[in-house]
Amino acid sequence: MLEIIDLHASSNNVKILKGVNLTIKYGEIHAIMGTNGSGKSTLSKIIAGHPNYKITHGNIIFKGEDITNCEPEYRSHKGIFLGFQYPIEIDGVSNEDFLRLAYNAKQKALGFNQIDPIEFSQILKNKMDLVKMDETLISRNVNEGFSGGEKKRNEIFQFALLDSIFGILDETDSGLDIDALKLVSEAINNLMNATKSIILITHYKRLLEYIKPNYIHVMQNGKIIKTGDSNLAQQLEEKGYEWLIQS
(Lines give C-alpha, C1' and ligand atoms only; values in the text may rest on other atoms or scores of the structure.)
Protein backbone atom coordinates (compact mmCIF):
# COMPACT_ATOMS: atom_id res chain seq x y z
CA MET A 1 0.00 0.00 0.00
CA LEU A 2 2.73 2.48 0.98
CA GLU A 3 6.40 2.58 0.03
CA ILE A 4 8.75 5.28 1.31
CA ILE A 5 12.06 5.34 -0.55
CA ASP A 6 15.16 7.10 0.84
CA LEU A 7 13.11 10.04 2.09
CA HIS A 8 14.95 13.20 3.11
CA ALA A 9 13.08 16.28 4.31
CA SER A 10 13.65 19.59 6.06
CA SER A 11 11.76 22.45 7.68
CA ASN A 12 13.11 26.01 7.83
CA ASN A 13 16.35 24.71 6.28
CA VAL A 14 16.83 22.24 9.15
CA LYS A 15 17.27 18.62 8.02
CA ILE A 16 14.87 16.33 9.87
CA LEU A 17 14.44 13.15 7.83
CA LYS A 18 17.73 11.70 6.61
CA GLY A 19 16.90 8.65 4.54
CA VAL A 20 13.72 6.88 5.69
CA ASN A 21 12.81 3.61 4.00
CA LEU A 22 9.55 1.88 4.85
CA THR A 23 7.17 -0.57 3.15
CA ILE A 24 3.65 -1.22 4.45
CA LYS A 25 1.37 -3.88 2.98
CA TYR A 26 -2.42 -4.05 3.03
CA GLY A 27 -3.82 -5.23 6.37
CA GLU A 28 -0.68 -4.39 8.37
CA ILE A 29 -0.23 -2.29 11.50
CA HIS A 30 3.17 -0.66 11.96
CA ALA A 31 4.22 1.11 15.16
CA ILE A 32 6.90 3.78 15.09
CA MET A 33 8.67 4.56 18.35
CA GLY A 34 11.62 6.73 19.30
CA THR A 35 12.82 9.60 21.46
CA ASN A 36 11.49 13.15 21.13
CA GLY A 37 12.92 14.86 18.06
CA SER A 38 13.71 11.62 16.24
CA GLY A 39 11.45 12.47 13.28
CA LYS A 40 8.31 10.42 14.02
CA SER A 41 5.74 13.21 13.83
CA THR A 42 7.57 14.84 10.92
CA LEU A 43 7.29 11.60 8.95
CA SER A 44 3.55 11.39 9.65
CA LYS A 45 2.94 14.97 8.50
CA ILE A 46 5.03 14.55 5.37
CA ILE A 47 3.09 11.44 4.34
CA ALA A 48 -0.09 13.49 4.72
CA GLY A 49 1.37 16.38 2.70
CA HIS A 50 1.92 19.07 5.35
CA PRO A 51 3.15 22.22 3.55
CA ASN A 52 5.64 23.23 6.28
CA TYR A 53 8.03 20.47 5.27
CA LYS A 54 10.14 20.25 2.13
CA ILE A 55 11.08 16.90 0.63
CA THR A 56 14.63 17.22 -0.64
CA HIS A 57 15.15 13.66 -1.85
CA GLY A 58 13.25 10.39 -2.14
CA ASN A 59 9.70 9.33 -2.95
CA ILE A 60 6.38 8.40 -1.37
CA ILE A 61 4.48 5.76 -3.35
CA PHE A 62 0.84 5.13 -2.36
CA LYS A 63 -1.06 2.31 -4.06
CA GLY A 64 1.48 2.38 -6.88
CA GLU A 65 1.23 6.14 -7.46
CA ASP A 66 3.99 8.63 -6.69
CA ILE A 67 2.34 11.20 -4.38
CA THR A 68 5.57 12.91 -3.28
CA ASN A 69 4.43 16.29 -4.60
CA CYS A 70 0.66 15.91 -4.33
CA GLU A 71 -1.56 18.28 -2.34
CA PRO A 72 -2.86 17.16 1.09
CA GLU A 73 -6.50 17.04 -0.04
CA TYR A 74 -5.57 14.78 -2.99
CA ARG A 75 -3.87 12.37 -0.59
CA SER A 76 -6.90 12.45 1.68
CA HIS A 77 -9.28 11.70 -1.17
CA LYS A 78 -7.05 8.78 -2.16
CA GLY A 79 -7.46 7.32 1.32
CA ILE A 80 -4.77 8.75 3.61
CA PHE A 81 -5.88 9.94 7.05
CA LEU A 82 -3.80 11.71 9.71
CA GLY A 83 -5.00 11.67 13.31
CA PHE A 84 -3.38 14.54 15.17
CA GLN A 85 -1.53 14.32 18.47
CA TYR A 86 -3.31 17.46 19.67
CA PRO A 87 -6.69 17.81 17.90
CA ILE A 88 -7.78 21.45 17.88
CA GLU A 89 -11.14 22.90 18.88
CA ILE A 90 -13.15 24.72 16.20
CA ASP A 91 -15.54 27.22 17.74
CA GLY A 92 -18.91 27.73 16.06
CA VAL A 93 -18.68 24.66 13.80
CA SER A 94 -20.79 21.66 14.77
CA ASN A 95 -19.19 18.26 14.56
CA GLU A 96 -21.99 17.01 12.30
CA ASP A 97 -21.61 19.89 9.80
CA PHE A 98 -17.83 19.52 9.78
CA LEU A 99 -18.05 15.79 9.13
CA ARG A 100 -20.72 16.13 6.42
CA LEU A 101 -18.70 18.75 4.54
CA ALA A 102 -15.56 16.60 4.74
CA TYR A 103 -17.50 13.54 3.61
CA ASN A 104 -19.08 15.37 0.66
CA ALA A 105 -15.74 16.88 -0.37
CA LYS A 106 -14.42 13.35 -0.78
CA GLN A 107 -17.61 12.22 -2.56
CA LYS A 108 -17.23 15.08 -5.05
CA ALA A 109 -13.52 14.39 -5.63
CA LEU A 110 -14.28 10.74 -6.38
CA GLY A 111 -17.14 11.59 -8.74
CA PHE A 112 -19.96 10.41 -6.45
CA ASN A 113 -23.16 12.20 -5.49
CA GLN A 114 -23.06 14.42 -2.43
CA ILE A 115 -25.18 13.40 0.55
CA ASP A 116 -27.99 15.49 2.03
CA PRO A 117 -28.22 16.00 5.84
CA ILE A 118 -31.01 13.44 6.33
CA GLU A 119 -29.20 10.66 4.47
CA PHE A 120 -25.97 11.64 6.20
CA SER A 121 -27.56 11.13 9.64
CA GLN A 122 -27.96 7.41 8.88
CA ILE A 123 -24.35 7.15 7.70
CA LEU A 124 -23.26 8.81 10.94
CA LYS A 125 -25.27 6.35 13.02
CA ASN A 126 -23.74 3.32 11.30
CA LYS A 127 -20.21 4.61 11.88
CA MET A 128 -20.99 5.61 15.47
CA ASP A 129 -22.02 2.04 16.19
CA LEU A 130 -18.75 0.79 14.70
CA VAL A 131 -16.52 2.92 16.97
CA LYS A 132 -19.03 3.26 19.86
CA MET A 133 -19.12 7.04 19.56
CA ASP A 134 -21.34 8.98 21.97
CA GLU A 135 -24.20 10.54 19.98
CA THR A 136 -24.14 13.72 22.10
CA LEU A 137 -20.66 14.58 20.72
CA ILE A 138 -22.00 14.88 17.18
CA SER A 139 -24.15 17.95 17.90
CA ARG A 140 -21.43 19.79 19.81
CA ASN A 141 -18.82 22.04 18.20
CA VAL A 142 -15.72 20.26 16.90
CA ASN A 143 -13.71 19.08 19.93
CA GLU A 144 -15.04 21.99 22.01
CA GLY A 145 -15.06 20.95 25.67
CA PHE A 146 -14.15 17.38 24.72
CA SER A 147 -12.00 15.38 27.11
CA GLY A 148 -8.68 14.02 25.83
CA GLY A 149 -10.28 10.64 25.22
CA GLU A 150 -13.27 12.16 23.41
CA LYS A 151 -10.98 14.15 21.10
CA LYS A 152 -9.00 11.04 20.18
CA ARG A 153 -12.19 9.05 19.70
CA ASN A 154 -13.49 11.79 17.43
CA GLU A 155 -10.34 11.44 15.32
CA ILE A 156 -10.95 7.70 14.94
CA PHE A 157 -14.58 8.46 14.10
CA GLN A 158 -13.41 10.74 11.26
CA PHE A 159 -11.14 7.95 10.02
CA ALA A 160 -14.13 5.59 9.98
CA LEU A 161 -16.54 8.05 8.40
CA LEU A 162 -14.22 9.00 5.54
CA ASP A 163 -13.57 5.28 4.99
CA SER A 164 -9.86 6.01 4.64
CA ILE A 165 -7.72 2.97 3.92
CA PHE A 166 -4.45 4.23 5.41
CA GLY A 167 -4.42 5.78 8.88
CA ILE A 168 -1.51 7.59 10.52
CA LEU A 169 -2.31 7.98 14.21
CA ASP A 170 0.15 10.33 15.91
CA GLU A 171 0.38 9.53 19.64
CA THR A 172 -3.25 8.50 19.90
CA ASP A 173 -2.50 7.36 23.46
CA SER A 174 -1.16 10.75 24.58
CA GLY A 175 -3.05 12.11 27.59
CA LEU A 176 -5.45 9.17 27.88
CA ASP A 177 -6.27 7.37 31.09
CA ILE A 178 -6.51 3.59 30.99
CA ASP A 179 -10.28 3.48 30.36
CA ALA A 180 -10.08 5.99 27.49
CA LEU A 181 -7.11 4.10 26.05
CA LYS A 182 -9.10 0.86 26.03
CA LEU A 183 -12.06 2.52 24.27
CA VAL A 184 -9.89 4.18 21.62
CA SER A 185 -7.93 0.97 21.04
CA GLU A 186 -11.14 -1.03 20.66
CA ALA A 187 -12.40 1.47 18.06
CA ILE A 188 -9.17 1.16 16.08
CA ASN A 189 -9.28 -2.63 16.21
CA ASN A 190 -12.91 -2.58 15.01
CA LEU A 191 -11.86 -0.53 11.97
CA MET A 192 -8.98 -2.73 10.90
CA ASN A 193 -9.42 -5.25 8.12
CA ALA A 194 -7.46 -6.72 5.20
CA THR A 195 -8.03 -3.60 3.06
CA LYS A 196 -6.69 -1.06 5.57
CA SER A 197 -3.30 -0.30 7.09
CA ILE A 198 -2.24 1.83 10.04
CA ILE A 199 0.86 3.56 11.36
CA LEU A 200 0.80 4.05 15.13
CA ILE A 201 3.24 6.60 16.49
CA THR A 202 3.78 6.14 20.20
CA HIS A 203 6.28 6.46 23.03
CA TYR A 204 4.82 3.75 25.19
CA LYS A 205 4.30 0.01 25.21
CA ARG A 206 0.84 0.21 26.78
CA LEU A 207 -0.95 1.13 23.52
CA LEU A 208 0.65 -1.86 21.83
CA GLU A 209 -0.81 -4.16 24.48
CA TYR A 210 -4.27 -3.38 23.06
CA ILE A 211 -3.39 -2.96 19.38
CA LYS A 212 -0.95 -5.61 18.19
CA PRO A 213 1.40 -4.33 15.46
CA ASN A 214 2.91 -6.53 12.78
CA TYR A 215 6.13 -4.53 13.02
CA ILE A 216 7.72 -1.99 15.31
CA HIS A 217 10.23 0.53 13.96
CA VAL A 218 12.52 2.71 16.04
CA MET A 219 13.46 6.12 14.68
CA GLN A 220 16.50 8.13 15.70
CA ASN A 221 18.06 11.18 14.09
CA GLY A 222 15.71 11.08 11.12
CA LYS A 223 16.18 7.41 10.24
CA ILE A 224 14.71 4.02 11.10
CA ILE A 225 17.49 2.32 13.03
CA LYS A 226 15.72 -0.87 14.14
CA THR A 227 12.75 -2.98 13.03
CA GLY A 228 11.29 -5.88 14.96
CA ASP A 229 8.10 -7.61 16.02
CA SER A 230 5.93 -6.78 19.04
CA ASN A 231 8.64 -8.06 21.39
CA LEU A 232 10.74 -5.01 20.54
CA ALA A 233 8.37 -2.82 22.57
CA GLN A 234 9.07 -4.92 25.66
CA GLN A 235 12.82 -4.53 25.14
CA LEU A 236 12.43 -0.76 24.85
CA GLU A 237 10.31 -0.71 27.99
CA GLU A 238 13.03 -2.55 29.91
CA LYS A 239 16.17 -0.99 28.43
CA GLY A 240 15.12 2.34 26.92
CA TYR A 241 16.59 3.60 23.64
CA GLU A 242 20.20 4.06 24.64
CA TRP A 243 21.27 0.51 23.78
CA LEU A 244 20.01 0.94 20.22
CA ILE A 245 21.55 4.37 19.75
CA GLN A 246 24.94 3.18 21.00
CA SER A 247 24.88 0.07 18.81
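Preceding this section is the structure that the text describes.
The numbering scheme is per chain: residues are counted from 1 as the chain's sequence reads. Only residues with pLDDT of 70 or above have their local features reported here, since the model is predicted, and side-chain atom pairs are shown and tallied only from 80 upward, although totals for entire chains, interfaces and linings are computed over all residues. With hydrogens and water excluded, all non-hydrogen atoms of the structure serve as input to the side-chain values.

Participant: How should the overall build of the chain be read in this particular structure?
Facilitator: Helix and strand assignments come from DSSP, with helices taken as H or I runs of at least 4 residues and strands as E runs of at least 2, each series counted from the N terminus. A tally of regular secondary structure across the chain gives ten helices and twelve strands. The C-alpha atoms of the chain give a radius of gyration of 18 Å, which matches the 18 Å a tight globule of 247 residues would have. Note on classification: 1.4 Å probe, protein chains only; a residue is buried when its accessible area is under 20% of the maximum for its type, exposed when over 50%, partly exposed between these limits. Buried positions account for 48% of the 247 residues belonging to the chain. Considering only contacts within the chain whose residues lie at least 6 apart along the sequence, 69% involve residues at least 24 apart. Counted as positive: Lys and Arg. Counted as negative: Asp and Glu. His and the chain ends are not counted at all. Here the site of a charge means NZ on Lys, CZ on Arg, CG on Asp, or CD on Glu. Taken as two groups, the 27 positive and 31 negative side-chain charges of the chain have centres that lie 5 Å from each other. Atoms counted for the radius of gyration: C-alpha only. Globule rule: 2.2 Å times residue count to the power 0.38. Residues are treated as being in contact if the distance between any of their heavy atoms lies within 4.5 Å.

Participant: Just to check I follow, could you spell out the nonpolar core for this structure?
Facilitator: Considering soluble globular proteins, one finds that nonpolar side chains tend to be buried as a cluster. Side-chain atoms within 4.5 Å are what join buried Ala, Val, Leu, Ile, Met, Phe, Trp, Tyr and Cys residues into a set we call a nonpolar core. Membership of the largest hydrophobic core comes to 43 residues, with the highest contact counts inside it found for Leu 124, Val 131, Ile 156, Phe 157, Ile 198 and Leu 200. With six residues, the top contributor of residues to this core is helix 7 (residues 178-191). Here Leu 124 is in contact with Glu 96, Leu 99, Ile 138, Phe 157 and Leu 161, once residues within four sequence places are set aside. Among the nonpolar cores identified, the runner-up in size contains 25 residues, and Ile 32, Phe 166, Ile 199 and Ile 201 belong to it.

Participant: Looking at this structure, I do not really get helix 7. What am I missing?
Facilitator: Three- or four-residue spacings in an α-helix give side chains the same orientation, since the helix completes a turn every 3.6 residues. Working rule for helices: expected span equals 1.5 Å times residues minus one. If you check helix 7, its first and last C-alpha atoms are 20 Å apart, about what 14 residues at 1.5 Å a residue would give, namely 20 Å. Each element contacted by the buried residues of helix 7 is listed here: helix 4 (117-131), helix 6 (148-161), strand 9 (166-170), strand 10 (197-201) and helix 8 (207-210).

Participant: Would you take a moment to explain the pattern of salt bridges for this structure?
Facilitator: Should their charged atoms come close, side chains of opposite charge can pair. When a carboxyl oxygen of Asp or Glu lies within 4 Å of a side-chain nitrogen of Lys or Arg, that pair is called a salt bridge. Under the counting rule described, the total for this entry stands at five salt bridges. Two residues, Glu 89 and Lys 151, come together in a salt bridge whose shortest N-O distance is 3.7 Å. One end of the pair, Glu 89, is in the loop between strand 6 (80-83) and strand 7 (90-94); the other, Lys 151, is in helix 6, with 62 residues separating them in the sequence. On the accessibility criterion, Lys 151 (18% relative accessible area) is buried. Between Arg 100 and Asp 97 there is a salt bridge; the shortest N-O distance is 3.4 Å. A residue pair is termed a helical-turn pair when its members lie 3 or 4 positions apart in one helix, as Arg 100 and Asp 97 do in helix 3 (residues 95-109) at three residues. On the accessibility criterion, Asp 97 (36% relative accessible area) is partly exposed.

Participant: I tried to follow the packing of helix 6 against helix 7 on my own but got confused; where do I start?
Facilitator: The packing of two helices is summarised by the inter-axis angle and the distance between the axes. The geometry of helix 6 relative to helix 7 is characterised by a closest axis approach of 9 Å and an angle of 5° between their N-to-C directions. Classified by the interaxial angle, the pair formed by helix 6 and helix 7 is roughly parallel. Residues Gly 149, Lys 152, Arg 153, Ile 156, Phe 159 and Ala 160 of helix 6 touch helix 7, and the partners they reach there are Ala 180, Leu 183, Val 184, Ala 187, Ile 188 and Leu 191. Under the grouping applied here, Gly and all other residues not named as nonpolar or charged are polar, the nonpolar ones being Ala, Val, Leu, Ile, Met, Phe, Trp, Tyr, Cys and Pro and the charged ones Asp, Glu, Lys and Arg. Residue composition of the contact of helix 6 with helix 7, grouped by class: nine nonpolar, one polar and two charged. Every axis corresponds to a line fitted to the C-alpha atoms, with the helix fit spanning only the stretch in contact, and the corresponding angles, defined between N-to-C directions, vary from 0 to 180 degrees. Geometric relationships in this document are graded by angle, where less than 35 degrees denotes roughly parallel, more than 145 denotes roughly antiparallel, 65 to 115 denotes roughly perpendicular, and other angles denote oblique.

Participant: Quick question: what am I supposed to make of the packing of aromatic side chains here?
Facilitator: To describe a pair of aromatic rings, one takes the distance between the centres and the angle between the planes. Here is the rule: rings of Phe, Tyr and Trp (six-membered ring for Trp) pair when centre to centre is within 6.5 Å. Planes less than 30 degrees apart are stacked, more than 60 are edge-to-face, and the remainder are tilted. Applying the stated criterion across every chain yields a total of three aromatic pairs. With a centroid separation of 5.3 Å and 15° between ring planes, the pair formed by Phe 81 and Phe 159 is classed as stacked. Taken together, the residues Phe 81 in strand 6 and Phe 159 in helix 6 connect sequence positions 78 residues apart. By relative accessible area, Phe 81 is classed as buried at 6%. Using a relative accessible area of 2% as the deciding quantity, one classes Phe 159 as buried. Between Tyr 103 and Phe 120, the ring centres sit 5.6 Å apart and the planes meet at 55°, which makes this aromatic pair tilted. Separated by 17 residues along the polypeptide, Tyr 103 in helix 3 and Phe 120 in helix 4 bring together distant segments of the chain. The two residues Tyr 103 and Phe 120 agree in class, both being buried.

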